[in-house]
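Examining the three-dimensional arrangement
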Amino acid sequence: MEGNVRRSLDEFLAARGPGLIAFRRDLHAHPETGRAEHRTTRAIAERLAAAGLDPVVLPGGTGLLADIAAAENSSYPERTVVALRADLDALPMDDEKDVPYRSTVAGACHACGHDVHTTVVLGAGLFLAEQARAGLLPGPVRLIFQPDEEGSTGAKDVIAAGGLASVGRIFAVHCDPRLDVGKLGIRSGAITAACDHIKVRVHGPGGHTARPHLTADVVYALGKVVTELPAMLSRRVDPRSSLSLVWGRISAGSAANAIPDEGIAEGTVRCLDNEAWEAAPALFGELVKSVAGAYRVTVELNYQRNVPATVNEPASAAMFATGAESVLGPDGVMPTQQSLGGEDFAYYLDCVPGALARLGTRPPGGADGDLHQPSFDVDERAIGVGVRVMVATALTALWHGAAVPEPPGPPARGSLAGAAEGER
C-alpha cells in the first residue's frame, strides 16, 4: 500500500479508532440473533449515511449493502467491484464476562466475534469513502453486512438480493482467539469445512426390560448406530477428505425398566472435500440402514445440508497476504490450518473468487481461547488491525482488477488434489 495512503489510514484510525471501539462495545452490549438484527442494521446504516453513502437494507429487513463508487473523473482504468463482507448476528447464549459492555440481552451474546467483523468492515468502508471523496479510490467497493451467518441463510439472502452483481472478488475476516492480535492467518484452498446436520430416529415395539426378546430394543439399536457409524466412515471414505461425524444429542426412554418405542440421535457431519460431501447423504442412508437392520427396528434418517466448505481462491488468498503484509509487515501474515468449523461465506465463493482470513484477537502472551464460549472476548486492538488489513486488501485487489471486463468464473470447490495443490 502506498505511503500516502498508509499515512492517511494512520490519521483516520488515530481519530476514529476510539469511536470504532465504542461502536463494537455497543453492539456487544446489545446483541441480536439471526434475523433479529434490526438495531444493528440501523446503527450501521446511520453511520454509513452520515459518511455520504446510500445503504440499502436487504428485503428481509436486516442486513444491508452499501456501494462506494470509484473516484469520479479519474484516469484509473475500469475495475470490477471488490466486496468486503461482515456478519451481524449473535449466538443464542448468555454472556458470562464481567466487563462494562457485557450483553444486556438475556440469551444472546457475541461469542463468535461478529461484532468485531462488523466494526472492521464499517471502519474500512468509512476510510475508503473518504478516499473516494478525495479522488483517490481506484475502483468500486461494496460493503456487505449480512444477517444470520450462524443459521447459514444470510449469505443466500445477499446473493438473492443481487449483492454479488458486478462483484469480481470478495473478502472477509473471522476472529481467531488462538492467534495473537496483530497477526493474520491465511491459506489457499479449503479453510473451513462443510457442515451438515444429521438426525436418526429409530422405532420399534417397546416392552419390559425383563423380556427384551419380545421387543425391538430401540436403545441397543440406537447405541449401535451411534458407535458404529463414525467407525464405518474410516473404511468407506478417503481419510484425506476429513469426513467426520460427531453426535451431540441422544434421547431414548424415561424409565430404567422399560424399553422405549422410539430413540433419537443428532449430530454434525463435517468434511473438507467437496466430492465426499456431495456423496455423504446417500452414504449415511446406506450405513444407518445396514446397522439398524439387524435389530428389527424401523429407522429414519434426516440429513440436512448446512454449508459447503469455504475454499479460498489462490489468487485472492495471495492478494489478502500481499495487502496484509503491506500494513502488518512480513511477520504479521502466517499460514493457518484448515478448520472443521462451518462458514456460510462458502456460498459467496461458489459465485465469485475470494478469500476468508483469520484475524488474531488474542492478547500477546495470553492463553488460547475458543469461539462459541460464553466468556469469549477479544483484544480490541484487533479492530484497528482488521481495518488496516481490509483496506489494504481491497486496494490490492482493485489494482490487480484493472481492465477486467467481466468477473472471473467461480473457482473449483472440490477435489482433494485441488486442495492439496493450494496449500502453502
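That block above? That's the structure.
Residues numbered from 1 in each chain as written. Predicted model: local features only at pLDDT ≥ 70, side-chain atom pairs only at ≥ 80, totals over all residues. Heavy atoms only, no water.

**Structural notes on unusual backbone geometry**
Selection criterion: Secondary structure elements follow DSSP: runs of H or I of four or more residues count as helices, runs of E of two or more count as strands, with numbering from the N terminus. For the exposure calls, accessible area comes from a 1.4 Å probe over protein chains only, and a residue counts as buried if that area is under 20% of its type's maximum, exposed if over 50%, partly exposed in between.
A positive phi angle, close to 70°, is found at S166, a residue other than glycine. Locating S166 in the fold gives a position in the loop between α4 (154-160) and β5 (167-180). For H372, which is not glycine, the phi dihedral falls at a positive 60°. Relative to the assigned elements, H372 resides in the loop between β16 (354-362) and α9 (381-400). On the basis of relative accessible area, H372 is assigned to the partly exposed category, the value being 35%.

**Remarks on helix α6 (residues 274-292)**
Selection criterion: In this analysis, the expected span of each helix is defined as 1.5 Å times one less than the number of residues it contains. To get the bend at any residue, fit one axis to the seven residues that end at it and another to the seven that begin at it, then take the angle between the two axes. It only takes one pair of heavy atoms within 4.5 Å for two residues to be counted as in contact.
If you check α6, its first and last C-alpha atoms are 28 Å apart, about what 19 residues at 1.5 Å a residue would give, namely 27 Å. Maximal helix bending in α6 amounts to about 50°, located at A280; proline P281 follows within four positions. Those residues of α6 that sit buried are N274, A276, W277, A280, L283, F284, G285, L287, V288, V291 and A292. Elements that come into contact with the buried residues of α6 comprise β8 (194-203), α5 (218-236), β10 (244-252), β12 (262-271) and β13 (298-307).

**Quick word on the nonpolar core**
Going by this rule: Only buried residues count toward a nonpolar core, which is a set of Ala, Val, Leu, Ile, Met, Phe, Trp, Tyr and Cys residues joined through side-chain atoms within 4.5 Å.
Ranked by size, the top nonpolar core spans 68 residues in total, and within it L48, L84, L128, L143, F145 and F320 carry the most contacts. The greatest single-element share of this core, amounting to 12 residues, is contributed by α9.

**A few points about the packing of aromatic side chains**
Heads up, the rule is: In this analysis, rings of Phe, Tyr and Trp, with Trp reduced to its six-membered ring, are considered paired at centre separations within 6.5 Å, and the interplanar angle assigns stacked below 30 degrees, edge-to-face beyond 60, and tilted for intermediate values.
If you walk through the whole model with that rule in mind, you get five aromatic pairs. Ring centres of Y220 and Y295 lie 5.5 Å apart, and the angle between their planes is 65°; on these two criteria the pair is classed as edge-to-face. Linking Y220 in helix α5 with Y295 in the loop between α6 and β13, this pair joins segments that are 75 residues apart in sequence. By relative accessible area, Y220 is classed as partly exposed at 46%. Residue Y295 is classed as partly exposed on the basis of its relative accessible area, which comes to 24%. Ring centres of F284 and Y303 lie 5.8 Å apart, and the angle between their planes is 40°; on these two criteria the pair is classed as tilted. Highlighted residues: F284 in helix α6 and Y303 in strand β13, separated in sequence by 19 residues. Among the residues examined, Y303 registers a relative accessible area of 16% and is labelled buried.

**What about the pattern of salt bridges?**
Selection rule: Salt-bridge detection follows one rule: a side-chain nitrogen of Lys or Arg within 4 Å of a carboxyl oxygen of Asp or Glu.
On inspection of all chains with the given rule, the structure shows 26 salt bridges. Notably, a salt bridge pairs D180 with R362, separated by 2.8 Å at the nearest N-O pair. On the criterion of sequence distance, the pair formed by D180 in strand β5 and R362 in strand β16 is long-range, its members being 182 residues apart. By relative accessible area, which is 16% here, R362 ends up buried. Counted as one network, the salt bridges with shared partners bring together R24, R25, D115, D377 and E380.

**Some words on helix α2 (residues 38-50)**
For an α-helix, 3.6 residues make a turn, and residues three or four places apart therefore share a direction. Taking 1.5 Å per residue, 13 residues should reach 18 Å; α2 reaches 18 Å between its end C-alpha atoms and fits that length. By the burial criterion, the buried members of α2 are T40, T41, A43, I44, A45 and L48. Buried residues in α2 make contact with α1 (3-29), β1 (56-57), β2 (64-68), α3 (114-133) and β4 (141-146). Positive phi appears at G52, one or two residues downstream of α2, with a value of about 90°.

**Notes on the sheet that holds β1**
Heads up, the condition is: A pair of strands is labelled paired if DSSP reports no fewer than 2 bridges between them.
Overall, mixed pairing links the eight strands, which are arranged β1-β2-β4-β3-β5-β16-β6-β15 in an open sheet. A strand with exactly one partner marks an edge of an open sheet, and here the two such strands are β1 and β15 (333-335). Pairing analysis gives two bridges linking β1 to β2, with the strands arranged antiparallel. Bridge pairing in β2 links V56 to L65.

**What to know about the environment of D238**
The condition that has to hold: Polar contact is defined as a pair of N or O atoms within 3.5 Å, subject to the rule that within protein one atom must be able to donate a hydrogen and the other to accept it, and that residues adjacent in sequence are counted only when both atoms are side-chain atoms.
Within the fold, D238 resides in the loop between α5 and β10. Remark: the alpha-carbon pair of D238 and D273, spanning 35 residues in sequence, is separated by 9.6 Å. Here R240 takes part through its side chain, which lies 2.9 Å from a polar atom of the side chain of D238.

**Comments concerning the packing of helix α7 (residues 314-328) against α9**
Two quantities define a packed helix pair, namely the angle between the helix axes and the distance between the axes. As a reminder of what qualifies: For helices, the fitted axis covers only the stretch in contact; all axes are lines through C-alpha atoms, and the angles between them, taken along N-to-C directions, range from 0 to 180 degrees. Here the word oblique covers every angle except those under 35 degrees (roughly parallel), over 145 (roughly antiparallel) and from 65 to 115 (roughly perpendicular). Each crossing gets its handedness from the near helix: less than a right angle anticlockwise from the far helix is left-handed, clockwise is right-handed. Note that Gly is not counted as nonpolar here; it falls among the polar residues with everything else outside the nonpolar set of Ala, Val, Leu, Ile, Met, Phe, Trp, Tyr, Cys and Pro and the charged set of Asp, Glu, Lys and Arg.
At a closest axis distance of 8 Å, the pairing of α7 and α9 adopts a crossing angle of 130°. Taken together, the axes of α7 and α9 are oblique relative to one another. Considering only the axes of α7 and α9, their crossing is right-handed. Listed contacts from α9 to M319, F320, T322, G323, A324, S326, V327 and L328 of α7 are V385, R388, V389, M390, A392, T393, T396, A397 and H400. Of the residues assigned to the contact of α7 with α9, the class counts are 10 nonpolar, six polar and one charged.

**Overview of the pairing of strand β3 (residues 81-87)**
Most of β3 is tucked away, with seven of its seven residues classed as buried. The two faces of β3 match: V81, A83, R85 and D87 on one face and V82, L84 and A86 on the other face are all buried. Two elements, β3 and β4, share six bridges in a ladder whose sense is parallel. Paired with A86 across the bridge in β4 is F145.

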